[in-house]
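Read off the chains here:
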Amino acid sequence: MNASSDQSARLSLVQRPRRNRKSDWARRLVRETRLDVADLIWPVFLIEGSGRRDAVASMPGVFRYSVDVAVEEIARAAELGIPAVALFPNTDPARRDEHASEAVNGDNLVCRACRAIRAGGADIGVVTDVALDPYTSHGHDGLLDGDEIVNDATVAVLARQAVTQARAGADIIAPSDMMDGRIGAIRAALDAEGFESVQIMSYAAKYASAFYGPFRDAIGTSKTLRGDKRSYQMDPANGDEALREVALDLEQGADMVMIKPGMPYLDIVRRVADAFGAPTFAYQVSGEYAMLAAAAANGWLDGEAAMMESLLAFKRAGAAGVLTYFAPRAAARLRAG
Ligand code: PBG
């Protein structure tokens, strides 16, 4: 018998890391990170009408809900223990214009949803997105002057948009636009209107990413978007710059910061969590969801296991929580134990 097949061979090892993995109880005992339902924020797409549940083709298992259905789904999410939902409107194309006027209409889809969720009485935080892309005819997050996104004029509209959402009952304002100086301007505008307890979760390091494609399908901007967002969203090549962006947003009053996308940017999540110790969230974006869902649908991945592993990875990287389209599924799974 040669040495490699000798089952009785013994190494003299002091350290055997496998001892701590020898059974389920042993693994649980030394586990460093846990995913909890309270770590999940559920992004929800809204559409006009009633009784609607429109499938988003590029995100199997994700729907756009009319406000009445959204209220029911969100109540269910609250029962599962999900602490917050983030609302994204698919605005009627007829209501989109160059100035994003609909963004500051107190009766827009998001504001109506906020009031309906509040009226429904669910114990859940409502996060609203501040950016102009669901409302502009050109699909950009800011106002255009020719081909240029004008920063300061955009910030003025964003501040009004934030106040409009706070009046409708939003708990957390989440600016995703990447304009300079918007956090300070939004904080001042909220405070001036008596909304000093409304929180700001800043998309502090948001990259110009190819992983947002399915989201743009969901809110109806993929066909209308003129050009790209690289003059305001960050270059995927940059990490140090993310730390500078986060520092600025915290100085200006952000209560929480976010890194986006998620899984391809876990290094940034870790660096930001370590450098600032502020609540740091990650957004597992539409393209990440689509990749996992597509592979699972083809039988190429175990969808449930890959979902849970991907979410745990955010916690291991130092995230306080994750925005994820998997939230209801993951919550149900966590509840089942
Ligand atoms: C735009 C916004 C985007 C997402 C959230 N807010 C897309 C973009 O910047 O074009 C992407 C979310 C996702 O892909 O899931 N303000």
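Cut-offs used in this document
- Residues numbered from 1 in each chain as written.
- Predicted model: local features only at pLDDT ≥ 70, side-chain atom pairs only at ≥ 80, totals over all residues.
- Heavy atoms only, no water.
- Helix = DSSP H or I, 4+ residues; strand = E, 2+ residues; numbered from the N terminus.
- Rg over C-alpha atoms; globule rule 2.2 N^0.38 Å.
- Buried < 20%, exposed > 50% of the residue type's maximum accessible area, 1.4 Å probe, protein only.
- Areas by Shrake-Rupley, 256 points an atom, 1.4 Å probe, with all protein chains shown as cover.
- Polar contact = N/O pair within 3.5 Å; in protein donor to acceptor, adjacent residues only side chain to side chain.
- Contact = heavy atoms within 4.5 Å.
- Core = buried A, V, L, I, M, F, W, Y, C linked by side-chain atoms within 4.5 Å.
- Near = heavy atom within 4 Å.
- 1 Å grid on protein atoms, 1.4 Å probe; cavity = no way out; pocket = protein on both sides within 12 Å on 5 of 7 lines; lining within 4 Å.
- Sits in = over half its atoms within 2 Å of the grid points.
- Nonpolar A, V, L, I, M, F, W, Y, C, P; charged D, E, K, R; others polar.
- Points joined across faces, edges and corners; volume = space filled by probe spheres on them.
- Expected span 1.5 Å × (residues − 1).

Enquirer: Can you break down the overall build of the protein residue by residue, with the values?
Expert: Scanning the protein for helices and strands turns up eleven helices and twelve strands. By the compact-globule yardstick of 20 Å for 337 residues, the protein fits well, its C-alpha radius of gyration being 22 Å. Structurally, the protein occupies a C-alpha span of about 80 × 45 × 40 Å along its principal axes. Looking at the protein as a whole, 53% of its 337 residues qualify as buried. By element, 50% of the accessible surface of the protein is carried by carbon and sulfur atoms, the whole surface being about 15,500 Å².

Enquirer: How would you explain the side chain of D177 if you had to name every residue and give the values?
Expert: Here D177 is to be found in the loop between strand 8 (172-175) and helix 5 (182-192). A polar atom in the side chain of D177 sits 2.7 Å from the backbone nitrogen of M179. A distance of 3.1 Å separates a polar atom in the side chain of D177 from a polar atom in the side chain of R182. Not counting the four nearest positions on each side in its chain, D177 is found in contact with V130, A131, D141, L158, R182 and Y232.

Enquirer: Any chance you could break down the nonpolar core for me, citing the residues and the numbers?
Expert: Grouped together as the largest cluster of nonpolar side chains are 109 residues, with contacts concentrated most on F45, L87 and L190. Residue contacts for L190: discarding those within four places in its chain leaves A162, V163, A166, I173, F195, E196, V198 and I200.

Enquirer: Summarise the site of the ligand; cite the residues concerned and give the values.
Expert: The full set close to the ligand counts 18 residues, and R216, K229, K260, S286 and Y325 are the nearest of them. In the model, a nitrogen atom of the ligand is placed 2.7 Å from a nitrogen or oxygen of the S176 side chain. In isolation the ligand exposes 400 Å². Once the protein is present, 100% of that is buried. Counting atoms within 2 Å of the grid points, the majority share of the ligand lands in the largest cavity. Residues belonging to the shell around the ligand are distributed by class as follows: eight nonpolar, three polar and seven charged.

Enquirer: So what's going on with empty space enclosed by the protein? Residues and values would help.
Expert: According to the stated counting rule, one finds two cavities of 30 Å³ or more in the structure shown. Estimated volume of the largest cavity: approximately 90 Å³. Looking at the largest cavity, it is lined by 13 residues, and the ones nearest its centre are D133, K206, F215, K229 and K260. The residue inventory of the lining of the largest cavity, partitioned by class, reads four nonpolar, two polar and seven charged. Its residues assigned to classes, the lining of the second largest cavity shows four nonpolar, two polar and four charged.

Enquirer: Tell me about the environment of A162, and please be specific about residues and values.
Expert: Mapped onto the secondary structure, A162 falls in helix 4 (residues 151-167). The spatial distance from the C-alpha of A162 to the C-alpha of V198 is 9.9 Å, given a sequence separation of 36 residues. If we skip the residues at most four places from it in the chain, A162 touches V130, I173, I186 and L190.

Enquirer: Can you break down the environment of A327 residue by residue, with the values?
Expert: Positionally, A327 belongs in helix 11 (residues 327-336). By relative accessible area, which is 0% here, A327 ends up buried. When the C-alpha positions of A327 and A156 are compared, they lie 33 Å apart, and in sequence the two are 171 residues distant. In contact with A327, not counting residues within four places along its chain, are L40, I41, W42 and I82.

Enquirer: Requested: an account of helix 3 (residues 109-120), with residues and values cited.
Expert: In this model, helix 3 (twelve residues) spans 16 Å end to end at C-alpha, consistent with the 16 Å of a helix rising 1.5 Å per residue. The complete set of buried residues in helix 3 reads L109, V110, C111, A113, C114 and I117. Residues of helix 3 that are buried sit in contact with strand 1 (40-46), helix 2 (67-80), strand 4 (84-89), strand 5 (125-130) and helix 4.

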